[in-house]
Amino acid sequence: MKLPFEFNLKLFFRLLLPGFLLAIGFFPLIKTLLDHAWKGISDAYILTFSAIILGWLVVVLDMPIYIAFEGRRYWPKFLWNLLIDCENKRLNKLIAKTRQKDDWREYLESSVEIRRFPMNKDGEYEVRYPTRLGNLVAAYEDYPDRIYGMDPIFYWPRIWLTLDKELREEIDGQQAIADSVIYVSASLLVCSLLYVIYATLQSIGSRFIDYAPAALASWGIAITTFALAYMIYNWSFHIHYQFGETFKSTFDLYHVRLDFNTLIDEISELTNSPEIKSYTMQEKNRIIWRYLHNYRVKIPEKDSTISPQKLKSLRKL
């Protein structure tokens, strides 16, 4: 679930830092291309403008980056299945440790770690995605729907608008850091791939890229950036877990600010269902989501949904 964010200094984490890393990776290629088109441009200008443009591109590609890192899409089927099995084994080990209380410290650690998995409808922890990040994000994004019947994608922007500016700044600052570790990790992976290409071209004696380092240096940079990407990705789990707790706490404290009672009365009258007014909070929130998000209401006697406009027309017949 992405938060709205303002254009301020926190963009350093989201835009400039990953943009600078990508600019370093693309520099040999960009410098070569510019030399063929327009010689004499300062390296500092190339790095500066490349960092801004590439950083902007990272922000624009926020959703695909997260989708890939969470394992929701873009993964080969065999690799997806392999990592799903790995995550299932990790979950089963944690479950076993929480049932054995001989080592109290290990029990507490496992109890915390297991909460980074989402729950199924029966309230049992499950593996939903092939990566630790994917399961962690799913765990905290499922929370509002499970507890309050509030779809996070639909309700979060509405809660966000009820928050004070200082609180929005605080939450946005937390996610800026969480975003930055994913963006930096993605940027380093791209750099690693680029330097593998440079090393390969240098090894075969190609002069397509004039400013690529020597083959051995390029291989060294490729291995180093890949190792850094993996290390930073692993650091991201704790940072996203902390943000997830803030995300859940925001729903706990501020969901009551959303008052849709007037709309519930309207839907109750439209569907001729006065019992809706006595439904639980979870049921009412799902009714509101169905109406505002999908423009649908449920007809109790048919147990089906229909657009409010069509229902009005049927009532007139």
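Everything below is about the structure shown above.
Residues numbered from 1 in each chain as written. Predicted model: local features only at pLDDT ≥ 70, side-chain atom pairs only at ≥ 80, totals over all residues. Heavy atoms only, no water.

## Regarding helix 1 (residues 11–37)
Thought 1: Taking 1.5 Å of rise per residue, 27 residues should cover 39 Å, yet helix 1 covers just 32 Å from first to last C-alpha, more than 12% shy of that figure.
Thought 2: Most pronounced at Phe26, the bend in helix 1 amounts to some 55 degrees, and the proline Pro28 follows within four residues. (Helix = DSSP H or I, 4+ residues; strand = E, 2+ residues; numbered from the N terminus. Expected span 1.5 Å × (residues − 1). Bend = angle between axes of the 7 residues up to and from the residue.)

## Looking at the packing of helix 7 (residues 152–160) against helix 9 (residues 215–254)
Thought 1: Helix 9 packs onto helix 7 with a crossing angle of 65 degrees between their chain directions and a minimal axis gap of 11 Å. Viewed along their axes, helix 7 and helix 9 adopt a mutual orientation that is roughly perpendicular. The crossing of helix 7 and helix 9 is left-handed. Side by side, helix 7 and helix 9 meet where Pro152, Tyr155, Trp156 and Ile159 of the first sit next to Phe247, Thr250, Phe251 and Tyr254 of the second.
Thought 2: In terms of residue class, the contact of helix 7 with helix 9 is built from seven nonpolar, one polar and no charged. (Axes fitted to C-alpha atoms, helices over the stretch in contact; angles between N-to-C directions. Parallel < 35°, antiparallel > 145°, perpendicular 65-115°, else oblique. Left-handed = near helix turned anticlockwise from the far one by under 90°. Contact = heavy atoms within 4.5 Å. Nonpolar A, V, L, I, M, F, W, Y, C, P; charged D, E, K, R; others polar.)

## Notes on the packing of aromatic side chains
Thought 1: Per the stated rule, a full pass over the model turns up 16 aromatic pairs.
Thought 2: Taking NZ or CZ as reference, Lys77 lies 5.2 Å from the ring centre of Trp80, over its face.
Thought 3: The positively charged end of Lys248 is found above the aromatic ring belonging to Tyr143, 5.3 Å away from the centroid. (Phe/Tyr/Trp six-rings, centres within 6.5 Å; stacked < 30°, edge-to-face > 60°. Lys NZ or Arg CZ within 6 Å of the ring centre and 35° of its normal.)

## Description of the nonpolar core
Thought 1: Core analysis: the biggest nonpolar cluster contains 52 residues, and Tyr155, Ile159, Ile182, Phe251 and Ile267 have the highest contact counts within it.
Thought 2: Sort the elements by how many residues they give to this core and helix 9 lands first, with nine residues.
Thought 3: Apart from residues no more than four positions distant in its own chain, Ile267 is found in contact with Ile276, Ile287, Ile288, Tyr291 and Val297. (Core = buried A, V, L, I, M, F, W, Y, C linked by side-chain atoms within 4.5 Å. Buried < 20%, exposed > 50% of the residue type's maximum accessible area, 1.4 Å probe, protein only.)

## Focus: the pattern of salt bridges
Thought 1: The tally for this structure, following the rule as stated, stands at twelve salt bridges.
Thought 2: Where Glu70 meets Arg72, a salt bridge forms, and the shortest distance between an N and an O atom there is 3.0 Å.
Thought 3: Looking at Glu70, the relative accessible area reads 6%, which means it is buried.
Thought 4: Under the relative-accessibility criterion, Arg72 is labelled partly exposed at 36%. (Salt bridge = Lys/Arg side-chain N within 4 Å of Asp/Glu carboxyl O.)

## A short note on unusual backbone geometry
Thought 1: Even without glycine at this site, Tyr74 takes up a positive phi of about 75 degrees.
Thought 2: One can find Tyr74 in the loop between helix 3 (62–70) and helix 4 (77–99).
Thought 3: Even without glycine at this site, Asn272 takes up a positive phi of about 55 degrees.
Thought 4: Along the polypeptide, Asn272 turns up in the loop between helix 10 (261–270) and helix 11 (281–294).

In short, geometric facts, not functional conclusions.
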